[in-house]
Structure formats: C-alpha cells, structure tokens
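# Geometric and topological summary
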Amino acid sequence: MNESFDKVEKDLAALRPRPLPRELVDRLAEDLDHPPVRWADRVLASFVGAGALAACVIVGVVTWNVIAPNESPQQPTDLTSFTPASLAAYQQMLARGASLPPGLVDPLSATR
Amino acid sequence: MAADESESWRRWLDRHGSALLLLARQLCHRTSDAEDAVQDGFVRFWRSRARANDPPAYLFACVRSAAMDSTRGRRRRARHEADAATFDARSSVFAASVEHQELRTNVESALARLPAEQREVVVMKIWGELTFAQIGKALTISPDTAASRYRYALAKLEPALASGAAR
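Residues numbered from 1 in each chain as written. Chains lettered and ligands numbered in written order. Predicted model: local features only at pLDDT ≥ 70, side-chain atom pairs only at ≥ 80, totals over all residues. Heavy atoms only, no water.

## Re the overall build of chain A
For chain A, the count of helices and strands is four helices and one strand. Counting helices and strands in the order they occur from the N terminus, chain A gives α-β-α-α-α. For chain A, the proportion of its 112 residues judged to be buried stands at 14%. As displayed, chain A has an accessible area near 9400 Å², and 64% of this comes from carbon and sulfur atoms. (Helix = DSSP H or I, 4+ residues; strand = E, 2+ residues; numbered from the N terminus. Buried < 20%, exposed > 50% of the residue type's maximum accessible area, 1.4 Å probe, protein only. Areas by Shrake-Rupley, 256 points an atom, 1.4 Å probe, with all protein chains shown as cover.)

As structure tokens, then:
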C-alpha cells in the first residue's frame, strides 16, 4: 500500500455511515427478543389439541348411549296396507252421524 | 429470552449495524430493500452464529446474501409504496458534518462508479473494519483477491477524491 492510498483511506474513514434507523432496530428487536414458536412445540401442541378433541367426542358418544339406551326407532307407516272404507261403511257412519253435533253432517243425506 | 442475550445482539448491531446497512445499500437500489436485507441477514446470522468459524465475516456474508436475494414478499412491496415519498431524503449513505459535505458527495459518486465487487470490498475494509482474510471468507474469495480488489478500488478512488479536494 503506498502513501497516497493512506490518504484515500483516511479520507474515506473520515466519513461515517448513517446509523440504523430506529424503526429497523425495533423490527430486529421484535424478531430477536420474541422468537417464533419452535416447530417441535407446534407439533406437540397439535397432538395435545387433537387428543383433547378426541376425548370430548368419546365422552359425548358414551353419554348419549347412557341417556338413550337402545331406543328403537318408530316403524314407518306402511301406506300400501291402507284400505279405503267401502261405500256401505261410509254410509253407515253417516247414518250414525245423528249423535254428532248439529251442522257437522247432514243426517238426511244417507237416505237421499 | 434472557436480558443478556438481548444486550448481546444489540452490541453486535451497535458495532456493525451502520456498516452492514452501507454494504446493503451498495447492493440494493432502494433504502427500504437495504434495511430489509440487514434485518433478514442479521436475524439469520444471530440464529445460526454458533456454527460460524468467523462470526464477523459470517455476519457480513449473511447480510450480503440477503441483499442479493431477489425475492421480495408482499410485506416489502407494501412498505416500499408507503415510504416511496421519503426515499430521496434518506438516500444519502453517509452521515456527514457540514465540513464533510463535499467529501461525502465525492465519495458517494466515486463509490457508485466502482464495480460492485470492488465496492463491497472497500465497504467491508474501511467501514466494516474486516481483515482481508475475513473479507475473503465473507465473499468466498482468497484474501489475496480481496486485497487486490481493494487496491484497484483505491486506485480508482484516489483521483476522484483528489480532484474533489482540489476544487
């Protein structure tokens, strides 16, 4: 290194780079003072959460079975087995209609 | 995190922060890109410093690598738009007193004319205060190559600074 280079180095070193802006230091502090949660911790938390959820489901199912043990569902009505009343039976029912409240049926209509 | 750990990274930042930002500014066009590079590079350095043979050289290498990283996220794009208005005011890379204003202008323009590979060696040597061996490690070149680039750079800077001083 020659003497003239010493002068250049001295001139350059006389200048100081700008300091870091406060905002950048704050961003670094946020990154370094509050490090992100480790991957292993996340996996552990996921397992604990999943286990708790599974336990809730199991307890729910068992409780449901205790409260309503083997209740068989109602059989659905078989619509095909329905037989409509015959005309004679219908007229008989109308004839007996006198016992019904007046105005609900016409008792003479069966004899017409 | 322990308080001494926090103090520890702050000491590193106080010691090297401004030189790191200056280095990043040599590689990034925008101030905000350079600041992002310092943030990313410094965090990367701090979390992996245990495996560094030469921590100061590794720190400069991390920031240089971050500055050269061309991928930019959405967060950065948004901030670029936000501080576009203040870009010009912050574009000067040196904090110069009144008597050094002319020197600052000369140095900035002379540095800007240097090839990037020489510019980064000058920044690491003068303001980063790294040895040629450390610069070689940071740039993955030999110490001799680092010294050679430095000499070429000074040879180019000398007339620029001399003419500025003569005016």
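Anyway, onward from the coordinates.
## Overview of the overall build of chain B
Of the regular secondary structure elements, chain B holds eight helices and one strand. Reading chain B from its N terminus to its C terminus gives the helix and strand order α-α-α-α-β-α-α-α-α. In chain B, buried positions account for 50% of the 167 residues. Partitioning the intrachain contacts of chain B with sequence separation of at least 6 by distance along the chain shows that 65% fall at a separation of at least 24. About 8200 Å² of surface is accessible on chain B, with carbon and sulfur atoms providing 50% of the total. (Contact = heavy atoms within 4.5 Å.)

## Section: the side chain of B:Asp54
All names here are of chain B. Its location among the elements puts Asp54 in the loop between helix H2 (31–48) and helix H3 (55–68). Using a relative accessible area of 13% as the deciding quantity, one classes Asp54 as buried. Here the side chain of Asp54 touches Gln134 through a polar contact of 3.2 Å, side chain to side chain. (Polar contact = N/O pair within 3.5 Å; in protein donor to acceptor, adjacent residues only side chain to side chain.)

## With respect to the pattern of salt bridges
On inspection of all chains with the given rule, the structure shows 10 salt bridges over all chains. Of the charged contacts, one joins A:Asp26 and A:Arg22 as a salt bridge, the two residues approaching to 3.5 Å between their closest N and O atoms. Placement of both A:Asp26 and A:Arg22 in helix H2 (residues 22–33) is noted, with a separation of four residues, approximately one turn of the helix. A relative accessible area of 56% places A:Arg22 in the exposed class. A salt bridge links B:Asp36 to A:Arg27; the nearest nitrogen and oxygen atoms lie 2.6 Å apart. Here A:Arg27 lies in helix H2 and B:Asp36 lies in helix H2, a pairing that spans two chains. When sorted by exposure, B:Asp36 lands in the same class as A:Arg27, which is buried. Counted as one network, the salt bridges with shared partners bring together A:Glu23, A:Arg27 and B:Asp36. (Salt bridge = Lys/Arg side-chain N within 4 Å of Asp/Glu carboxyl O.)

## Describing the interface of chain A and chain B
Between chain A and chain B, the contact holds 28 residues from the first and 40 residues from the second. Between chain A and chain B the total buried area reaches about 3200 Å² when both faces are included, carbon and sulfur atoms providing 68% of it. At the junction of chain A and chain B, the tally comes to two salt bridges. On inspection of chain A and its partner chain B, the count reaches 10 residue pairs in polar contact (both at pLDDT 80 or more). (Buried area = accessible area lost by both parts, 1.4 Å probe.)

## Details of unusual backbone geometry
All names here are of chain B. For Glu129, which is not glycine, the phi torsion reads 55° and is therefore positive. Its place among the elements puts Glu129 in the loop between helix H6 (116–127) and helix H7 (132–139). With phi around 50°, Thr140 is a residue other than glycine that occupies positive phi space. By the secondary structure assignment, Thr140 is in the loop between H7 and helix H8 (143–166).

## Here's the deal with the packing of helix H5 (residues 101–113) of chain B against H6(B)
Residue and element names in this part refer to chain B. Between H5 and H6, the least distance of the axes is 9 Å, while the angle of their chain directions is 135°. In this view, H5 runs oblique relative to H6, as classed from their interaxial angle. Residues Val107, Leu111 and Ala112 of H5 form the contact with H6, whose own contacting residues are Arg119, Val122 and Trp127. Considering only residue class, the contact of H5 with H6 consists of five nonpolar, no polar and one charged. (Axes fitted to C-alpha atoms, helices over the stretch in contact; angles between N-to-C directions. Parallel < 35°, antiparallel > 145°, perpendicular 65-115°, else oblique. Nonpolar A, V, L, I, M, F, W, Y, C, P; charged D, E, K, R; others polar.)

## Notes on the packing of aromatic side chains
Residue and element names in this part refer to chain B. Enumeration according to the criterion identifies eight aromatic pairs over all chains in this entry. With centroids separated by 6.4 Å and ring planes inclined at 5°, the aromatic side chains of Phe42 and Trp46 adopt a geometry described as stacked. Here Trp46 and Phe42 lie together in helix H2, a separation of four residues that amounts to about one turn. With respect to burial, Phe42 and Trp46 carry one shared label: buried. (Phe/Tyr/Trp six-rings, centres within 6.5 Å; stacked < 30°, edge-to-face > 60°.)

## What about the nonpolar core?
Residues A:Leu12, B:Val107, B:Val122 and B:Trp127 are the most contacted members of the largest nonpolar core, which totals 59 residues. The residue makeup of this core includes at least three contributed by each of domain 1 (3–84) and domain 2 (89–166) of chain B. With residues up to four places along the chain from it excluded, the contact list for B:Val122 reads A:Leu12, B:Leu111, B:Leu114, B:Trp127, B:Tyr150, B:Ala153 and B:Leu157. (Core = buried A, V, L, I, M, F, W, Y, C linked by side-chain atoms within 4.5 Å. Domains from an automatic or database assignment.)

## Digging into the confidence of the model for chain B
Residue and element names in this part refer to chain B. Predicted confidence across chain B gives a mean pLDDT of 84, with 80% of residues reaching 70 or more. No element of chain B has a lower mean pLDDT than helix H4 (residues 74–82), which averages 57, and none a higher one than H7, which averages 96. The low-confidence segment residues 85–90 (pLDDT under 50) makes eight contacts with residues lying over four places distant or belonging to another chain. Taken over the whole predicted complex, pTM reads 0.66, whereas the ipTM for its chain interfaces reads 0.78. (pLDDT = per-residue confidence, 0-100.)

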